[in-house]
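# Commentary on secondary and tertiary structure
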Amino acid sequence: MTSRRALLKTAFLTASAAVAGQAAHASPTKAPKKFDETFDVVIVGAGGAGLSAAAHMPKGVKTLLIEKNAIIAGSSLVCDGKFSAADTPDQRKEGIKDSDEQFVKDLLKVGQGQNNPDVVKALVKALRSEYDWLTSHGIHSKYVGIASGMSVPRAHNFEPPKVLELYQKTAKANGVEIRFETAAERLLWDSERERICGVRVRIGKTTKNIAARWGVILTTGGFARNPELCAKYNPAIKGVQAISGAGTTGDGLLMAQAYGADFLNPDVIKATYGFTPNPKTIKDKSQVYYVGAIIVNKDGKRFVNESLSYKLLGDAALRQPESKSFQLFDHDMMLKSMETDAREKRFWGMVDKEGKTPYGYVGKTLADVAAQAGIDAKALEQTVKEYNELAPKGQDPLGRKSLGSGFGKPVPLKTGPFILMPTTAVLLSTYCGVKTDPQTRVIDVFNQKIPGLYAAGEIMGGVHGAAYMTGTGFGKALAFGRVAAETIAADKGA
């Protein structure tokens, strides 16, 4: 059986034959005889995971956090701030009964068995620890909501800028050095110790080799902004618009793969359903389908069970003619959406006052709203008639038996005005990545640890599986950032 040691030895022989001064593609990079600088730990990527790792690094550990952009640029900064955790004081205050066991069960169900149970259990434990740390430092949830994949409300709502500011201040107070406009190009390998020992970085036109005595933590995010990688791993999302952190181009993934890092769940790269056409930010999203709306295509027909994860809804929507679809809902559902999520007021708050909204078509009857949207009125009326007759009775042909992930019961669309919202799917994250153990150590294709290499946040694979639970992306970054810091500090280069 070929070992990673033999693989790397062969790679080094190949690399040594390359032209001097040129970087070999997807090959390990041998450490220089002399480094430009030396740290205990180097963290690559100043998003949520990187800042969390930096903030939780023990005092006295000489740590460098680098970011290729001029500012904090991870997806955590542009997310909506949902952070899922179980059995919290916020939940108990609202009479919500939840537990780690139920949280794990929900995650494995949503993941359809494609996520790693041990990593999932580690995530749930770490999420609660991080929630406690955040609240103890004055970061509090505005409210607890229920969304995709949850059997009970557990999405705590934080303000990302405040969260990241706290981590950055804490990291600096602990002595962590943070450098922007410093791009990692290659991980460096110590062939004698057989471990990752640093990072080659580029600052403008200058290249430096930085040693990391204990190892490197990759917190570089996903690759939603790398069209070539997206098309390679999931051709179905080719051309789908991305709204993610500016730095999510797959740098860390490629650097880890050069050392044989295993790659999990590339088939689950999915777009999130609920966005307005040509969206600009995460705020351009409405999910009235989780309070009762149905989803129809341009022919006025339903094509999906609306209670599914919005990732699976995105898959189904992108397969429709011209990739066009609409959320259809009545007045009662509109009011319920604004009551459930205050952000929905931006979309629908003007309907009762002005009888219109720039985010969709408003009509007193189904025929009226269908005509405005260019949908066949009879087809839409028949779709609603069948849905109203069957879904509330639990007999929906498409299998909808709840409003979302098992909570709530389908209700009929009956009270005008009716609204048709043109809706699309957008790529927010890639949800797949390198294989790690529950302590964030990166695992290679031979199921062995790659010494000195750790990964946290979106770059991790095996966490979500087939679909995604709201609040576990932002949460994963913050929670596993802490775990990575604790693990590398405990390993100390061992």
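Structure: see above.
This report concerns the structure included in the present document. Just so you know, these numbers come straight off a predicted model, no measurement behind them.

### Regarding the environment of Lys169
- Position of Lys169 relative to the elements: it lies in helix α7 (residues 160–173).
- By relative accessible area, which is 54% here, Lys169 ends up exposed.
- C-alpha of Lys169 to C-alpha of Ala55: the two residues are 114 residues apart in sequence and 7.9 Å apart in space.

### Details of helix α5 (residues 100–110)
- Three or more residues of α5 are buried, namely Phe103, Val104, Asp106, Leu107 and Val110. Projected down its long axis, α5 carries its buried residues within an arc of 160°, all on one side. Residues of α5 that are exposed and angled more than 90 degrees away from the buried face: Glu101, Lys105 and Lys109.
- Buried residues along α5 sit in contact with β4 (82–84), α6 (117–136) and α16 (472–491).
- After α5 finishes, the residue Gln112 shows a positive phi value of roughly 55°.

### Points about the pattern of salt bridges
- On inspection of all chains with the given rule, the structure shows 30 salt bridges.
- The network of salt bridges with shared partners includes Asp80, Lys82, Lys285, Asp341 and Arg343.

### Points about the nonpolar core
- If you look at the biggest cluster of nonpolar residues, it comprises 88 residues, and the most contacted ones within it are Val216, Leu218 and Trp348.
- Here this core takes six residues from strand β16 (residues 418–426), the largest share from any one element.
- Dropping the residues within four chain positions of it, Trp348 is found in contact with Ser286, Val288, Phe329, Met334, Ser337, Met338, Thr357, Tyr359, Ile419 and Met421.
- Counting residues in hydrophobic clusters, the runner-up holds 56 residues, among them Ile43, Ala49, Phe103 and Ala477.

### Some thoughts on the environment of Glu37
- Inspection of the secondary structure assignment puts Glu37 in strand β2 (residues 37–44).
- Glu37 sits 74 residues away from Gly111 along the chain, and the two C-alpha atoms are 42 Å apart.
- Those residues in contact with Glu37 that lie beyond four places of it in its chain are Arg179, Lys208, Asn209, Ile210 and Ala211.
- Of note is the side chain of Glu37, whose polar atom sits 2.6 Å from the side chain of Arg179.

### A few points about the sheet that holds strand β5 (residues 144–145)
- Taken together, the three strands give an open sheet; going across it, the order is β4-β6-β5, and neighbouring strands pair in antiparallel fashion. The two strands at the open ends of the sheet, each matched to only one other strand, are β4 and β5.
- Pairing between β4 and strand β6 (residues 155–157): three bridges, direction antiparallel. Paired with Lys82 across the strands is Asn157, a residue of β6.

### Section: the packing of aromatic side chains
- The final tally for this structure, using the stated rule, is 13 aromatic pairs.
- Each ring, one from Phe223 and one from Tyr233, has its centre 5.8 Å from the other, and the planes form 55°; the classification is tilted. With Phe223 in the loop between β10 (206–218) and α8 (227–233) and Tyr233 in helix α8, this pair connects stretches of sequence that are ten residues apart. Just as Phe223 is buried, Tyr233 falls in that class too.
- Positioned above the aromatic ring of Phe39, the side-chain terminus of Lys62 is 5.0 Å from the ring centre.
- Geometry around Phe347 places Arg346 over its ring, the cationic atom sitting 5.1 Å from the centre.

What counts as what
- Residues numbered from 1 in each chain as written.
- Predicted model: local features only at pLDDT ≥ 70, side-chain atom pairs only at ≥ 80, totals over all residues.
- Heavy atoms only, no water.
- Helix = DSSP H or I, 4+ residues; strand = E, 2+ residues; numbered from the N terminus.
- Buried < 20%, exposed > 50% of the residue type's maximum accessible area, 1.4 Å probe, protein only.
- Arc of directions from axis to C-beta.
- Contact = heavy atoms within 4.5 Å.
- Salt bridge = Lys/Arg side-chain N within 4 Å of Asp/Glu carboxyl O.
- Core = buried A, V, L, I, M, F, W, Y, C linked by side-chain atoms within 4.5 Å.
- Polar contact = N/O pair within 3.5 Å; in protein donor to acceptor, adjacent residues only side chain to side chain.
- Pairing = 2+ DSSP bridges.
- Phe/Tyr/Trp six-rings, centres within 6.5 Å; stacked < 30°, edge-to-face > 60°.
- Lys NZ or Arg CZ within 6 Å of the ring centre and 35° of its normal.

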